[in-house]
Amino acid sequence: MSKSSTVTVRERPVENVATATAAGLTIHGETFVVQTDQRIELVDLTARVMDFVRRFNVREGFVSLWSMHTTCAVFINEFQVALLSDIKRFLEQMVARDAEWLHNHPDHSDCDRMNADSHLRALLLGHNLTLQISGGEVVLGQWQRVLMAELDGPRARSLRIQIFGIS
Amino acid sequence: MSKSSTVTVRERPVENVATATAAGLTIHGETFVVQTDQRIELVDLTARVMDFVRRFNVREGFVSLWSMHTTCAVFINEFQVALLSDIKRFLEQMVARDAEWLHNHPDHSDCDRMNADSHLRALLLGHNLTLQISGGEVVLGQWQRVLMAELDGPRARSLRIQIFGIS
Amino acid sequence: MSKSSTVTVRERPVENVATATAAGLTIHGETFVVQTDQRIELVDLTARVMDFVRRFNVREGFVSLWSMHTTCAVFINEFQVALLSDIKRFLEQMVARDAEWLHNHPDHSDCDRMNADSHLRALLLGHNLTLQISGGEVVLGQWQRVLMAELDGPRARSLRIQIFGIS
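Residues numbered from 1 in each chain as written. Chains lettered and ligands numbered in written order. Predicted model: local features only at pLDDT ≥ 70, side-chain atom pairs only at ≥ 80, totals over all residues. Heavy atoms only, no water.

Enquirer: Explain a nonpolar patch on the surface residue by residue, including any values.
Expert: A cluster of nonpolar side chains, Val7(A), Val9(A) and Trp143(C), forms an exposed patch at the surface whose accessible area comes to about 260 Å². Position of Trp143(C) relative to the elements: it lies in the loop between β7 (137-138) and β8 (145-150). For Trp143(C), a relative accessible area of 34% translates into the label partly exposed. (Patch = residues over 30% accessible without salt bridge, like charges linked within 9 Å, V, L, I, M, F, W, Y side chains within 5 Å. Areas by Shrake-Rupley, 256 points an atom, 1.4 Å probe, with all protein chains shown as cover. Salt bridge = Lys/Arg side-chain N within 4 Å of Asp/Glu carboxyl O. Helix = DSSP H or I, 4+ residues; strand = E, 2+ residues; numbered from the N terminus. Buried < 20%, exposed > 50% of the residue type's maximum accessible area, 1.4 Å probe, protein only.)

Enquirer: Outline the interface of chain C and chain B, supporting the account with residue identities and numerical values.
Expert: Chain C puts 50 residues into the contact, and the matching count from chain B is 47 residues. Carbon and sulfur atoms supply 59% of the area that chain C and chain B bury against each other, a total of about 4200 Å² over both sides. Its largest share of buried area at the contact with chain B, chain C owes to Thr8(C), Trp66(C) and Leu123(C), together 17% of the area lost on that side. Where chain C packs against chain B, one counts two salt bridges. Across the pair Arg54(B) and Glu11(C) runs a salt bridge, and its minimum N-O distance is 3.3 Å. Linking chain C to chain B there are 30 residue pairs in polar contact (both at pLDDT 80 or more). Of all the secondary-structure elements, those providing two or more residues to the side of chain C that touches chain B are β1 (17-22), β2 (25-35), β4 (60-67), α3 (116-125), β6 (128-134) and β9 (156-166) of chain C. Here the residues of the side of chain C that touches chain B are counted per class, giving 24 nonpolar, 19 polar and seven charged. (Contact = heavy atoms within 4.5 Å. Buried area = accessible area lost by both parts, 1.4 Å probe. Polar contact = N/O pair within 3.5 Å; in protein donor to acceptor, adjacent residues only side chain to side chain. Nonpolar A, V, L, I, M, F, W, Y, C, P; charged D, E, K, R; others polar.)

Enquirer: Explain the pattern of salt bridges to me, using residue names and the numbers behind them.
Expert: A complete count under the given rule lists 36 salt bridges over all chains for this structure. Among the salt bridges present, the one from Arg157(B) reaches Glu150(B), with a minimum N-O distance of 2.7 Å. Both residues of the pair, Arg157(B) and Glu150(B), count as buried. Close ionic contact of Arg55(C) with Glu30(C) constitutes a salt bridge, the shortest N to O distance being 2.5 Å. Here Arg55(C), found in the loop between α1 (46-54) and β4, pairs with Glu30(C), found in strand β2; they are 25 residues apart in sequence, far enough to count as distant. For Arg55(C), a relative accessible area of 52% gives the class exposed. Glu30(C) sits in the buried class, given a relative accessible area of 17%.

Taken by themselves, the reported measurements are silent on function.
Right, here's the structure in full:
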């Protein structure tokens, strides 16, 4: 059995910026990069998402945020130093880094990052969010923040954000 | 380090009802409130989502359901008294309420709800669903129900539902 | 209290194929079936999703993948034999199949599949993905694969895929 992972290949790479319009409807997507500093790190992307949406004349619609990596997740929660520490501890408790995962074993895997725990933690959080836009702004509750979970850093992480809506 | 959580502020609050149309495309969003009675409670929102979609002349499209709270989740599962009891027990097992979470400690957190467990349980379930609409109705399997998980009640919970599609 | 689960009934069943267009915007949905061979099995649907999107003249937009079952999930991760084995082991560790779940007990449940574990595992992974389309293709990172998790097989599983975008 192969020790390698399947590679996803598009015919052409994703453009950094892409736009389409049709009769009052706008779609616009962009790629951006977040540099992380720690192996596990939670980054608040809320201001970036809100600013992105405000750049477009979209009154009602959706905005999608997509992590381009298997070991980097996006999710909603509260942004408080204490709670972020709890979330990291919880992820570490749920998935033991040093369990005997096959993905970390050279007999079974050609991945040298020893990051099975990162893959399993990402699976709990998910890789995308589709947020509503109303009145020209993202719909979020008072304590809701759009968070990125770096689970195998430090790395430069690419995320793609796409807006879809009516002006 | 701050004991407080970041507050999300829009320039204007979300309107309770908002609509936009363009050349055959309709977008319509509304906020609704669900009153819960227990600390952990699972509420079936399926009929409400189906009725919402049937009000619009949208044949093909999407409907997004968004919880406006960090400690209130939405997810898909079967609605059976026995299984709901299992789901609550599972959430309680996965995240111990009385572990020494920093979010519950006054030295680290100005939150007096002692609800770190609620935040961590919500993280497992997620805060939004984007459902397909086809033939004028929501696409759901025979046993699939749209469920809301109150994780820190009793509370009045706001959810936002937005339809997007072609008539 | 009822031992039965609520059934979701549409006025009309979902059509296997449905299309709507308006002023440059296309929506097209289809149902497809995946036959599984094991109780827990991870299936790579990436090529199927990519091929589906390439059939349409949609340059920018979204594609939604929806599992029609409560015990069959869809999620993003890397496709490597070793890691898939780790994911299955992780799901089995997180939710014990033989715990005394009420859903498996004839006094409380009329379900004879004894599959409480399947329901709880699906809850961790989720039932849908909303992927971005850009440049006529799905937006995915190099190692990201669209995976289906059969959690109570072997079964024939129905999934619905819907594209939404501008040509």
